[in-house]
Amino acid sequence: MDDKPSPEALSESSERLFSFGVIADVQYADLEDGFNFQGTRQRYYRHSLLHLQGAIEDWNNESSTPCCVLQLGDIIDGYNAQYNASEKSLELVMDTFKRLKVPVHHTWGNHEFYNFSREYLTHSKLNTKFLEDQIVHHPETMPSEDYYAYHFVPFPKFRFVLLDAYDLSVLGMDQSSPKYEQCMKILREHNPNTELNSPQGLSEPQFVQFNGGFSQEQLNWLNEVLTFSDTNQEKVVIVSHLPIYPDASDSVCLAWNYRDALAVIWSHECVVCFFAGHTHDGGYSEDPFGVYHVSLEGVIETAPDSQAFGTVHVYPDKMMLKGRGRVPDRIMNYKKERAVHC
């Protein structure tokens, strides 16, 4: 599965339909370089903004401009909150994104919630729900206001679905709310550790405080959207901060109820790939149902002399990720019956 595609395959001349950009875990902060919580991997807090600027410049100058960019979450680092710099850092990153010639769709990760409440994010520029497409006469495909998720159509017969992986979470939530109590109960039932960010001794190590999950309400909505896409022969790309497939992630970084999300996706034919961030190391796997899971390498742990972003080129029979820096190239072929006939 991890074989790199040949240069010949990447330069195939079959008709390209459209392309889109992907980037994850910028985690900008105006701080000296540091390390992750385990002290094992270096983080380049200031330089992450330069990496973002480089990615935007690259996308803007591509011969075929991407239709949009998917920002997979953790746009600024949690350290900003400790220095009362959350709003200033967010403004700086959002000003950088203004240079991008195309729309950007923002996903929310744990670092968004270290800096801001869910209510704040809902009214911020990180809420790109205004870019959603609505399916006429299908109210069941309209997302609830109770979670941050939506879908849009960048090109005919292709639908992108952005999921809220912290719909179930103790982060960024009003601690007096019943939902916070429900989420804390779920977390403590699976994690008896005093330090809830520690997976030590857990049989299901994804049940840590820096992760979250998908409510049944959101999964029901996803099921309705995918049912519509199945019926209308659409190809679907799903985006989430948290990965949901173990072979494309380490065991700790998965969504709490990743199996529930997989069960919904696997009951449909339309899903081509699932993009996530969070792991920083990256990950890639094709699951038994032919869905490709791509966990993008994080900008925050990318050395100044490298890069970490990609452009996905979409063809009638496949999607091809052209990675930059430490993001590898990938070819994601549609199942034979899923090829688009234009």
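To be clear, the structure that these remarks concern was listed above.
Residues numbered from 1 in each chain as written. Predicted model: local features only at pLDDT ≥ 70, side-chain atom pairs only at ≥ 80, totals over all residues. Heavy atoms only, no water.

**Comments concerning the pairing of strand β13 (residues 318-325)**
Phase 1: Counting buried residues in β13 gives 6 out of 8 residues, a clear majority hidden from the surface.
Phase 2: Where strand β12 (residues 308-314) lies against β13, 7 bridges are found, and the strand directions are antiparallel. Residue pairing in the sheet places Val312 in a bridge with Leu321 of β13.
Phase 3: Hairpin connection from β12 to β13: 3 residues lie between these consecutive antiparallel strands.
Phase 4: One ladder, built from 4 bridges, connects β13 with strand β14 (residues 330-333); its direction is antiparallel. Residue pairing in the sheet places Leu321 in a bridge with Arg330 of β14.
Phase 5: The hairpin turn running from β13 into β14, its antiparallel successor, is 4 residues long. (Buried < 20%, exposed > 50% of the residue type's maximum accessible area, 1.4 Å probe, protein only. Helix = DSSP H or I, 4+ residues; strand = E, 2+ residues; numbered from the N terminus. Pairing = 2+ DSSP bridges.)

**Some points on the environment of His151**
Phase 1: Tracing the backbone through its elements, the reader meets His151 in strand β6 (residues 150-155).
Phase 2: In this structure His151 comes out as buried when scored by relative accessible area, which is 2%.
Phase 3: C-alpha of His151 to C-alpha of Val314: the two residues are 163 residues apart in sequence and 18 Å apart in space.
Phase 4: Those residues in contact with His151 that sit more than four places away from it in its chain are Glu132, Asp133, Ile135, Thr141, Arg159, Phe160, Val161, Trp221 and Val225.
Phase 5: Among the polar contacts made by the side chain of His151, one reaches the main-chain carbonyl oxygen of Thr141 at a distance of 2.9 Å.
Phase 6: A polar side-chain atom of His151 sits 3.1 Å from a polar atom in the side chain of Arg159. (Contact = heavy atoms within 4.5 Å. Polar contact = N/O pair within 3.5 Å; in protein donor to acceptor, adjacent residues only side chain to side chain.)

**Digging into the sheet that holds strand β4 (residues 69-71)**
Phase 1: In spatial order, the strands read β5-β4-β1-β12-β13-β14; together these 6 strands make up an open sheet with mixed pairing. A strand with exactly one partner marks an edge of an open sheet, and here the two such strands are β5 (104-106) and β14. Taken over all neighbouring pairs, the strand axes of this sheet differ in orientation by 20° on average, direction set aside. (Axes fitted to C-alpha atoms, helices over the stretch in contact; angles between N-to-C directions.)

**Things to note about the nonpolar core**
As a rule of thumb, soluble globular proteins bury nonpolar side chains together.
Phase 1: Formed by 86 residues in total, the largest nonpolar core has its most connected members in Phe20, Phe275 and Met319.
Phase 2: In terms of residue count, the dominant contributor to this core is strand β9 (residues 271-280) (6 residues).
Phase 3: Those residues within four positions of Phe20 in sequence are excluded, and the remaining contacts are Pro66, Cys67, Cys68, Leu70, Phe160, Phe275, Gly310, Thr311, Val312 and Val314.
Phase 4: Val170, Met173, Met184 and Leu196 belong to the second largest nonpolar core, which has 10 residues in total. (Core = buried A, V, L, I, M, F, W, Y, C linked by side-chain atoms within 4.5 Å.)

**Comments concerning the packing of helix α8 (residues 216-231) against helix α9 (residues 258-266)**
Phase 1: Close contact between α8 and α9 brings their axes to 9 Å; oriented N to C, the two are set at 20°. When the interaxial angle is binned, α8 and α9 end up roughly parallel. Seen from above, α8 lies across α9 with right-handed handedness. Packed against α8, whose contacting residues are Leu219, Leu222, Asn223 and Leu226, the element α9 presents Asp260, Ala261, Val264 and Ile265 at the interface.
Phase 2: By residue class, the composition of the contact of α8 with α9 is 6 nonpolar, 1 polar and 1 charged. (Parallel < 35°, antiparallel > 145°, perpendicular 65-115°, else oblique. Left-handed = near helix turned anticlockwise from the far one by under 90°. Nonpolar A, V, L, I, M, F, W, Y, C, P; charged D, E, K, R; others polar.)

**Quick notes on the pattern of salt bridges**
Phase 1: The final tally for this structure, using the stated rule, is 15 salt bridges.
Phase 2: For Glu32, the salt bridge is made with Arg46, and the minimal N-O distance between the two is 2.9 Å. Remark: Arg46 occurs in the loop between β3 (42-43) and α2 (47-61) and Glu32 occurs in the loop between β1 (18-23) and β2 (34-35); sequence separation between them is 14 residues.
Phase 3: Residue Arg43 is joined to Glu301 by a salt bridge in which the shortest nitrogen-to-oxygen separation is 3.1 Å. Within this pair, whereas Arg43 is found in strand β3, its partner Glu301 is found in the loop between β11 (292-297) and β12, the two being separated by 258 residues in sequence. Each member of the pair, Arg43 as well as Glu301, is classed as buried.
Phase 4: The structure contains a network of salt bridges with shared partners spanning Arg41, Arg43, Asp281 and Glu301. (Salt bridge = Lys/Arg side-chain N within 4 Å of Asp/Glu carboxyl O.)

**A word on the sheet that holds β11**
Phase 1: Spatial ordering of the open sheet is given by β6-β7-β8-β9-β11-β10, a layout of 6 strands whose pairing is mixed. Both edges of this open sheet fall to β6 and β10 (283-286), since each of them pairs with a single strand only. Each strand of the sheet is rotated relative to its neighbour by a mean of 20°, with strand direction disregarded.
Phase 2: The sheet strands contacting α8 are β6, β7 (158-162), β8 (235-239) and β9, and the helix crosses β7 at an angle near 175°.

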